[in-house]
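Notes for the structure review
So the chains spell out like this:
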Amino acid sequence: AREFKAKGANVILGPALNVHRIARNGRNAEYLSGEEPSLGAALAREYTLGAQGEQVAVVAKHFVLNSQETDRNTQSVLVDERTLW
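Note that the coordinates shown come from a computational prediction; the quantities given were computed from them, not determined experimentally. The numbering scheme is per chain: residues are counted from 1 as the chain's sequence reads. This being a predicted model, a pLDDT of at least 70 is required before a residue's local features are given, and a value of 80 or more before pairs of side-chain atoms are given or counted; all residues contribute to the totals for chains, interfaces and linings. Side-chain descriptors were evaluated using all non-hydrogen atoms of the structure, hydrogens and water having been removed beforehand.

**A closer look at the overall build of the chain**
Numbering of helices and strands runs from the N terminus, with a helix taken as a DSSP run of H or I at least four residues long and a strand as a DSSP run of E at least two residues long. A tally of regular secondary structure across the chain gives 3 helices and 2 strands. Helices and strands appear in the chain in the N-to-C order α-β-α-β-α. Counting only C-alpha atoms and orienting by the principal axes, one finds that the chain spans roughly 40 × 25 × 20 Å. Accessible surface, the chain as shown: approximately 6,400 Å² in total, 52% of it carbon and sulfur. The charge count includes Lys and Arg as positive and Asp and Glu as negative, but it does not include His or the ends of the chains. For charged residues, the charge sits on one atom: NZ in Lys, CZ in Arg, CG in Asp, CD in Glu. Of the charged side chains in the chain, 10 are positive and 10 negative, and the gap between their average positions amounts to 4 Å. All accessible areas in this document rest on Shrake-Rupley with a 1.4 Å probe, and a residue is counted as covered only by the protein chains that are shown.

Written as C-alpha cells, this is what we have:
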C-alpha cells in the first residue's frame, strides 16, 4: 500500500479472491486463496486492513465463478445455491 500511495494512488485494484478450481486458469497466480477458501478469507482481511491502515482503499475482485479466460466476455455461469456457497 505504501508503494501505491507514494505513486499518488489511493485505490488498489485487488486483492483477487477466487479459489483455484481449474489448474490452467490464467489468473491463478493473482488469487490469495490458492485452493483453500478459508486461507483466502483470512489473507483478504489482513490485506485489506493493511492497505486501509495506509489510507489506501482496496477493490476485491474475481471473488467467485471466475475460472475461465477463453471467451470470458461471452460466457455465462449458472450454478445452484449450494454450489455457489
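Now, onward.
**Let's talk about the pattern of salt bridges**
Counted as salt bridges are all cases of a side-chain nitrogen of Lys or Arg within 4 Å of a carboxyl oxygen of Asp or Glu. With the rule as written, the count across this model stands at 3 salt bridges. When the shortest N-O distance is used, the salt bridge between Arg2 and Glu54 registers 3.2 Å. Of the two residues, Arg2 sits in helix H1 (residues 2–6) while Glu54 sits in the loop between helix H2 (37–53) and strand S2 (57–58), which places them 52 residues apart along the sequence. With a 1.4 Å probe rolled over the protein chains alone, any residue whose accessible area is under 20% of its type maximum counts as buried; one over 50% counts as exposed, and the rest are partly exposed. Look at Arg2 and you get exposed, because its relative accessible area is 62%. The class of Glu54 is partly exposed, set by a relative accessible area of 22%.

**What to know about the confidence of the model for the chain**
Scored by pLDDT, the chain comes out at a mean of 83, with 96% of its residues at no less than 70. Per-residue pLDDT, averaged within each element of the chain, yields its smallest value for helix H3 (residues 81–84) (80) and its largest for S2 (94). In predicted models, pLDDT denotes the confidence assigned by the predictor to each residue on a 0 to 100 scale.

**Observations concerning a nonpolar patch on the surface**
Within the patch definition used here, like charges are joined within 9 Å and nonpolar side chains (Val, Leu, Ile, Met, Phe, Trp, Tyr) within 5 Å, considering only residues with over 30% relative accessible area and no salt bridge. A cluster of nonpolar side chains, namely Val11, Leu13 and Val59, defines an oily patch on the protein surface of about 240 Å² accessible area. Considering the arrangement of structural elements, one finds Val11 in strand S1 (residues 11–12). A residue is classified by how much of its surface remains accessible, and Val11, at 33% relative accessible area, is partly exposed.

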